Amino acid sequence: MNREETIKLLKDQPDKIWDFLVIGGGATGLGVALDSTLRGFSTLLLEQSDFTKGTSSRSTKLVHGGVRYLAQGDIGLVLEALRERGRLLKNAPHVTCNQSFIIPTYSLWKTFFYAVGLKLYDLLAGNLSLGKSVVISKEKVIKSLSNIIPKKLTNGILYHDGQFDDARLGINLAESISASGGFLANYIQVKSFLKSPSGFWEIQATDIETNIEYSIKSKSLINATGVFVDDILNMDKKESEPIVKASQGTHIVIDNSFLPGIDALMIPETSDGRVLFAIPWHGKVLVGTTDTAVEKTELEPLPLEKEVDFILDNLEGYLIQSPKKKDVLSVFTGLRPLAKPSKNTKASKEISRRHKLIVSETGLITITGGKWTTYRQMAEETVDKAIEVSKLKPSTCKTVNYRIHGYIKNTDNSSLSIYGSDANNIFKLINSNPVFGEKLHINYRFTKGEVIWFVRNEMARTVEDVLARRFRILFYDAQAAIDMSEQVAEIMQFELEKDNDWKNNQLLQFNNLSKGYLLK
Ligand SMILES: Cc1cc2nc3c(=O)[nH]c(=O)nc-3n(C[C@H](O)[C@H](O)[C@H](O)COP(=O)(O)OP(=O)(O)OC[C@H]3O[C@@H](n4cnc5c(N)ncnc54)[C@H](O)[C@@H]3O)c2cc1C
């Protein structure tokens, strides 16, 4: 992954005609660019910020069929997601895992109801099932979830789903694109485009770091910009009908003493009729999420006080020692790019999580909605459609069994295991200089050498890129991230050959941003 290489290509070969230009480096865009690259198409992906800066680093981290969608009767969606869940766990075992969940039940009728539903869930997963769901006794629930309130508890249902690190998977997809011959760059924003009389797209994009503009040509143009798809549709045709309705989801992260053990807790009925998960993640517990319709679409949405209260209040009904605001280590919010329903009255929790693939009159292809879990399927459909629309050479999808960068079958529990097959090279780099092995924080394993790795190999450009989406620490211990920021900035300043102004500016920006991850 080399940003300079991509930029050099844009400078040196302005007349190059790409087969695919993908706008957006979240799950959807990265999936599309990998699919088209593997089919042999010349592909360029441009991301205006960092890869997965948008919704794709702010998910609940579930690779799931969606138990909730089953309750809504959307069997087709569940089937598709369960199939993709199985494939993702096989193709990226280093960033995914099989996670057990316990649903506590408070009446025999509810036990029966959830047990039947989850049996159906197992059945739909077929041979890609991650393990059978079983009814467990009250005693077993208390043993597994030692902080659960035992009063009125009758039983529990134990079932399995997948879990992952969303931003790390995003980086691995980017590395896969690059390793397969595709090109990509972060911090390049698409500003405008039009269809030339010769039938090619002519795209104007700006390097956010230097303000240099590039003109790029492509046979097909893919709009994979999540909640921003309407902005791109407006570049294609002014005052286009909006197709996305944004819905905000907030998570909090708390210490694992509130949920000791290996099982996740699934609260099946919250006060607003949804589900709430409390899941072990990076040694902490991630709890979420909410569903709040919002008008504004932005890259750094902020949690609302009522969302945090909602999560804490719902936990209070289940946990003996329940967390208070002071116990929240980090809070983060993402925007769901939900397909706008034709009737405005539909509540966002009822809007289908299915994806939407749209071909504009001009041939611009827009893909939005869906889930991280189904990104591969969405990409396959998008590339198939682009081949048809732009009359490219037909070619079949290659991603069903494709091993994503970092693939390693038996991951151990070592501190570098999240890097999969890269762990060996990172270990070598760390050991090449005693300074590289120095830790960045007393409570965490992170070393200086990893920051150097991120800059040299994973296109990390800012302090935020490192702390939010490479280490993930901003998402689970915001104060620790702030404590590490100065050292990270210094290492990056040296690696990127920047001056002191750059470093001071980075620290200022990161400090402002990190305030949004801490509760006041
Ligand atoms: C709260 C929440 C919880 C979720 N939990 C789960 C879960 O547990 N499991 C699951 O499977 N799914 C989950 N999802 C859904 C999943 O996260 C999303 O479906 C997915 O991340 C959407 O990815 P995307 O690439 O479409 O959008 P994004 O990740 O937002 O990517 C779009 C990108 O386009 C870029 N962009 C915009 N305009 C331009 C431009 N002009 N030029 C260049 N780049 C541009 C943006 O910077 C952005 O990075 C959750 C979603 C939310 C909000």
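Residues numbered from 1 in each chain as written. Predicted model: local features only at pLDDT ≥ 70, side-chain atom pairs only at ≥ 80, totals over all residues.

Novice: Explain the overall build of the protein to me, and be specific about the residues and the numbers.
Specialist: For the protein, the count of helices and strands is 16 helices and 20 strands. In terms of C-alpha radius of gyration, the protein reaches 23 Å, essentially the compact-globule figure of 24 Å for 520 residues. Dimensions along the principal axes, computed over C-alpha positions, put the protein at roughly 70 × 55 × 40 Å. By residue count, 48% of the 520 residues in the protein fall in the buried class. Put simply, of all contacts in the protein between residues at least 6 apart along the chain, 69% involve residues at least 24 apart. (Helix = DSSP H or I, 4+ residues; strand = E, 2+ residues; numbered from the N terminus. Rg over C-alpha atoms; globule rule 2.2 N^0.38 Å. Buried ≥ 20, exposed ≤ 12 C-beta atoms within 10 Å, placed from the backbone. Contact = placed C-beta atoms within 7 Å.)

Novice: Give me the environment of K217: which residues, what numbers.
Specialist: In this structure, K217 sits in strand β10 (residues 213–223). When the C-alpha atoms of K217 and K237 are compared, they prove to be 19 Å apart, with 20 residues separating the residues in sequence. With residues near it in sequence (within four places) discarded, K217 still touches D15, K16, I17, W18, F200, W201 and E202.

Novice: A description of the site of the ligand should follow, citing residues and the corresponding values.
Specialist: Taken together, 41 residues sit near the ligand, with G24, G26, G54, G226 and G249 positioned nearest. Looking at the shell around the ligand, the elements with two or more residues in it are α2 (27–38), β8 (188–195) and β16 (330–339). With 4 residues, β16 is the largest single contributor of residues to the shell around the ligand. For the shell around the ligand, the class distribution of residues is 12 nonpolar, 23 polar and 6 charged. Summarising the domain contributions, the shell around the ligand has at least three residues from each of domain 1 (3–55 + 168–243 + 350–389) and domain 2 (248–337). (Near = placed C-beta within 6 Å. Nonpolar A, V, L, I, M, F, W, Y, C, P; charged D, E, K, R; others polar. Domains from an automatic or database assignment.)

Novice: Account for the pairing of strand β11 (residues 244–255), with residues named and values stated.
Specialist: Remark: a regular strand shows side chains that alternate across the two faces of the sheet. Across the 12 residues of β11, 11 count as buried, placing the element largely inside the fold. Taken together, the 10 bridges between β11 and β16 define a ladder with antiparallel strand orientation. When the bridges of β16 are listed, T250 appears paired with T333. As paired elements, β11 and strand β15 (residues 292–293) share 2 bridges and run antiparallel to each other. Paired with S247 across the strands is A293, a residue of β15. Of the strand pairs in this sheet, β11 and strand β14 (residues 284–288) are connected by 5 bridges, and their pairing is antiparallel. Across the sheet, residue D255 finds its bridge partner in β14, namely K284. (Pairing = 2+ DSSP bridges.)

Novice: Could you give me a rundown of unusual backbone geometry, with the residues and numbers involved?
Specialist: Glycine aside, residues mostly have negative phi angles, and peptide bonds mostly take the trans form. A cis amide bond links G288 to the next residue, T289, at an omega of 15 degrees. Inspection of the secondary structure puts T289 in the loop between β14 and β15. Although it is not a glycine, K61 adopts a positive phi angle of roughly 70 degrees. Residue placement: K61 occurs in the loop between β2 (43–46) and β3 (62–63). A positive phi angle, near 60 degrees, is found at Y187, a position not held by glycine. By the C-beta count within 10 Å, which is 21 here, Y187 ends up buried.

Novice: Tell me about the environment of I426, and please be specific about residues and values.
Specialist: Position of I426 relative to the elements: it lies in helix α11 (residues 423–431). Overall, the presence of 19 C-beta atoms within 10 Å leaves I426 in the partly exposed class. Spatially, the C-alpha atoms of I426 and G449 are 7.5 Å apart, while their sequence positions differ by 23 residues. In this structure, I426 is in contact with L416, Y419, G449, E450 and W453, ignoring residues within four places of it in sequence.

Novice: Please provide a residue-by-residue account of the nonpolar core, values included.
Specialist: With 130 residues, the main nonpolar core has I222, V287, L467 and V488 as its most contacted residues. No other element matches the 8 residues that helix α15 (residues 478–495) contributes to this core. Discounting chain neighbours no more than four positions away, the residues touching I222 are F20, V22, I23, V32, I365, I367, T382 and A386. (Core = buried A, V, L, I, M, F, W, Y, C linked by C-beta atoms within 7 Å.)

Novice: Any chance you could break down the domain arrangement of the protein for me, citing the residues and the numbers?
Specialist: Splitting the protein by domain gives domain 1 (3–55 + 168–243 + 350–389), domain 2 (248–337) and domain 3 (417–515). The partner domain 3 presents 7 residues to the 8 residues of domain 2 that form the contact. Grouping the amino acids of the side of domain 2 that touches domain 3 by side-chain chemistry returns 4 nonpolar, 2 polar and 2 charged.

Novice: Kindly report on helix α4 (residues 75–91), identifying the contributing residues and their values.
Specialist: Look at α4: 24 Å from first C-alpha to last across 17 residues, which is about the 24 Å you get at 1.5 Å a residue. Buried residues of α4: L77, V78, E80, A81, L82, R83, E84, R85 and L88, and no others. (Expected span 1.5 Å × (residues − 1).)

Novice: Requested: an account of the pairing of β14, with residues and values cited.
Specialist: Most of β14 sits out of view: 5 of its 5 residues are buried. Residues K284, L286 and G288 of β14 are buried on one face, and the alternating residues V285 and V287, pointing to the opposite face, are buried as well. Joining the antiparallel neighbours strand β13 (residues 276–281) and β14 is a turn of 2 residues, in which H282 adopts a positive phi near 50 degrees.

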